[in-house]
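The chain contents come next:
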Amino acid sequence: MPVGTLTRKLSISENPALRSFRVAGAAEIDARRATLPWLGDAIAPAARTPNNRGAYQHFQNGSIYTGPGGTFEVHGAIYAKWASLGWEQGFLGFPLTDESGTPDGVGRYNHFEGGSIYWTPATGAREIHGDIRLKYAALGWERSFLGYPVSDEHDGPGGTRVSDFQAGQIGWSPRSGAAVAATSFVPGPGGGLQPQGLGGDGTPEVRRRVTVNAHMELTDDETFGSDEHNSGDKSGEVLVTSENPQEIINMVVKAGGEMRVELPISVQARASGDTKATGTAKLYEGTSEETDDLDGTLDVDFLIPRDGFISKEYTIRNTDEGGDFAVIKLTASNFPA
């Protein structure tokens, strides 16, 4: 990583001309500096941090900070990112490591009290923190299928938080905590493509929040008199994983005292982050709305794209007798859970 000098202005209380004492922490900084000759000469005296939890000193090629977790150097692009987030007064707090190389030899990182900053030539310096960072660590950091972060943590849909990586996302929600979705694919051993993944079977963990809304318009065809009409709406939302298909909607609409349409839908998560919605609409028509006389069925089968929406329309008809029918309009969304 290229090194560089990024300095902060001294406050009046930090001005050496107004200070006749050696600040607490200066000895620790001096000892650390002795092991890091590449930092170059000091460009300012050691000073207490504004929050009075530690001290720092700037050098030609970086800085040394001493705080509750120890005394460490920060420099280059990681230092610039840390500065942009408020130095030690930001949510990252004081450094807990020197800048270090990642095991794959590609990237660099510093850990801080409240998170980490990772850097590569391709991705730049990106912060990661909180439950998303814990999930990233549990997966194996940059050695997992996700690779390196390519964004800072940012807002997602519906009050969620998201960090983007080279091969996927980690999303967080108050309801579900941190969850993973894969986005990238690699050549498969037998040709074609397969998702990058975790563990021995190469399957990534996927958790998705899926919402389905349904609107039904029913027509009860009458041989004598006017046709009977009715409509109804229902929505459902569930958390689904690649291991756990769930029924998320079971809609029943009735019309004319003789007709009923039922629509159960289940959703299955896929390794790609897409979700598969399947179900069978059933049209009943008889002497009452509670009849068991099944006169028509229609399979519902569609893909809800990852981080997207889809709309579908189906028409189910009485295929046994009469002209009864129902128009079913579905909208669905699929985002990280």
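Residues numbered from 1 in each chain as written. Predicted model: local features only at pLDDT ≥ 70, side-chain atom pairs only at ≥ 80, totals over all residues. Heavy atoms only, no water.

Asks: Any details on the overall build of the chain? Residues and values, ideally.
Replies: Helix and strand counts for the chain come out as three helices and 22 strands. Here the chain holds 337 residues, and the buried ones make up 50% of them. Put simply, of all contacts in the chain between residues at least 6 apart along the chain, 50% involve residues at least 24 apart. (Helix = DSSP H or I, 4+ residues; strand = E, 2+ residues; numbered from the N terminus. Buried < 20%, exposed > 50% of the residue type's maximum accessible area, 1.4 Å probe, protein only. Contact = heavy atoms within 4.5 Å.)

Asks: Let's hear about the side chain of aspartate 220: which residues, and what values?
Replies: Topologically, aspartate 220 is positioned in strand β15 (residues 207–220). Buried charge aspartate 220 goes without a salt bridge, the closest partner of opposite sign being arginine 260 at 12 Å. Each residue touching aspartate 220, except ones within four places of it in the same chain, is listed here: Asp227, Glu228, Ala255, Gly256, Glu258, Met259, Glu285 and Asp324. (Lys, Arg positive; Asp, Glu negative; His and termini not counted. Salt bridge = Lys/Arg side-chain N within 4 Å of Asp/Glu carboxyl O.)

Asks: So, the pairing of β15: which residues are in play, and what are the values?
Replies: Consecutive side chains of a regular strand alternate in pointing toward one face of the sheet and then the other. In terms of residue burial, β15 counts as a mostly covered element, since twelve of its 14 residues are buried. One ladder, built from 14 bridges, connects β15 with strand β16 (residues 228–241); its direction is antiparallel. Each bridged residue has a counterpart across the sheet, and for arginine 208 the counterpart in β16 is valine 240. (Pairing = 2+ DSSP bridges.)

Asks: Which residues make up the sheet that holds strand β18 (residues 259–269), and what values go with them?
Replies: The four strands lie next to each other as β17-β18-β19-β20, forming an open sheet whose pairing is antiparallel. Both edges of this open sheet fall to β17 (246–255) and β20 (294–304), since each of them pairs with a single strand only. Ignoring which end each strand starts from, the neighbouring axes of this sheet average 15° apart. Relative to β18, β17 is paired through nine bridges, and the arrangement is antiparallel. If you follow valine 253 over to β18, its bridge partner there is valine 261. (Axes fitted to C-alpha atoms, helices over the stretch in contact; angles between N-to-C directions.)

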